[in-house]
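# Coordinate inspection notes
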Amino acid sequence: RLAWQPESQEASGVLPGADVVSALGLCRTAWARDEEHGQPAAVSNSYSVPHYPRETLGRAFGPLALDQILCFCRNLEDGLSKFGKVCLTTPPGSQDDRANAAVLLGAYLVLRERWTAKEVVAAVGLADANLRFVCSFASAGLPEPPRVLRVSDCWAG
């Protein structure tokens, strides 16, 4: 009922009949509604740090924040209820988007499906589990420091 097809815009026979959805789009407004006002939820799908302008974040691109993860989980559940099958995708050629989307998928499996981090690694694969994030506030004007935080670290908590 759920497939992961990163860097693609189609299900490619992985899950026939699935609704193909951008994983990062689900932490924005896809199926989300503000409960009180019935309006699209105001959650972004890009990395940010509250109270800091984007310029101060330097090279950092993720991982995304808890509110974004929870919005993604809710929207994915809504999509699975509505369509029965969902295939999550990411834009071709963007390892940054792929890393953020992999964190979201793993968070859903851990938080909603009660999988262990090891089970997520086995299902999603080592290539995605080992994608790494740039340190927050790493200056864009200097050489990039070594990437330390892995996607699988996010799944492990």
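Residues numbered from 1 in each chain as written. Predicted model: local features only at pLDDT ≥ 70, side-chain atom pairs only at ≥ 80, totals over all residues. Heavy atoms only, no water.

## Describing the nonpolar core
Let me state the cut-off plainly: Buried Ala, Val, Leu, Ile, Met, Phe, Trp, Tyr and Cys residues form a nonpolar core when they are joined through side-chain atoms within 4.5 Å. The buried label applies to any residue whose accessible area, calculated with a 1.4 Å probe on protein chains only, is under 20% of its type's maximum; exposed applies above 50%, and partly exposed to all values in between. Helix and strand assignments follow DSSP, with helices taken as H or I runs no shorter than four residues and strands as E runs no shorter than two, numbered in order from the N terminus.
Ranked by size, the top nonpolar core spans 33 residues in total, and within it Phe72, Leu76, Leu88 and Val151 carry the most contacts. Elements supplying a minimum of two residues to this core: α1 (66-83), β3 (86-89), α2 (95-111), α3 (117-124) and α5 (151-156). Ranked by residue count, the leading element in this core is α2, at 9 residues.

## Description of the layout of surface pockets
Rules: A 1.4 Å probe that fits into a set of points on a 1 Å grid over the protein atoms alone but cannot get out defines a cavity; an open set with protein on both sides within 12 Å along at least five of seven lines defines a pocket, and lining residues are those with an atom within 4 Å of a point. Grid points are joined across faces, edges and corners, and a volume is the space filled by probe spheres set on the points.
Estimated volume of the largest pocket: approximately 180 Å³. Within the residue set of the lining of the largest pocket, elements represented by two or more residues are α1, α2 and α5. In terms of residue count, α2 provides more of the lining of the largest pocket than any other element does, 5 residues in total.

## Structural notes on the pattern of salt bridges
Applicable threshold: For this document, the term salt bridge refers to a Lys or Arg side-chain nitrogen within 4 Å of an Asp or Glu carboxyl oxygen.
Taken as a whole and assessed by the stated rule, the structure comprises 6 salt bridges. Between Glu144 and Arg147 there is a salt bridge; the shortest N-O distance is 2.6 Å. Residue classification places Glu144 among the partly exposed positions, given a relative accessible area of 37%. Linked by salt bridges that have partners in common, Glu7, Arg98 and Asp128 make up one network.

## Looking at unusual backbone geometry
A negative phi holds for most residues other than glycine; trans holds for most peptide bonds. In the segment running from Gly62 into Pro63, the intervening peptide bond is cis, with an omega of 0 degrees. Position of Pro63 relative to the elements: it lies in the loop between β2 (19-22) and α1. Residues other than glycine seldom take positive phi values, yet Glu7 does so here, at roughly 60 degrees. Along the chain, the position of Glu7 falls in the loop between β1 (2-5) and β2. Look at Glu7 and you get partly exposed, because its relative accessible area is 25%. Despite not being glycine, Arg114 shows a phi value in the positive range, around 60 degrees. Secondary-structure assignment places Arg114 in the loop between α2 and α3.

## A look at the side chain of Ser152
Cut-off, in case you're wondering: In what follows, a contact means two residues having at least one pair of non-hydrogen atoms within 4.5 Å.
Residue placement: Ser152 occurs in helix α5. Those residues in contact with Ser152 that sit more than four places away from it in its chain are Val121 and Ala129.

## What to know about a nonpolar patch on the surface
Condition: Residues form patches when they are more than 30% accessible in relative terms and have no salt bridge. Like charges link within 9 Å. Nonpolar side chains (Val, Leu, Ile, Met, Phe, Trp, Tyr) link within 5 Å. Residue exposure ignores everything except the shown protein chains as possible cover, and the areas themselves are Shrake-Rupley values with a 1.4 Å probe.
There is a patch of nonpolar side chains on the surface, built from Leu66, Leu70 and Leu111 and spanning about 290 Å² of accessible area. Tracing the backbone through its elements, the reader meets Leu70 in helix α1.

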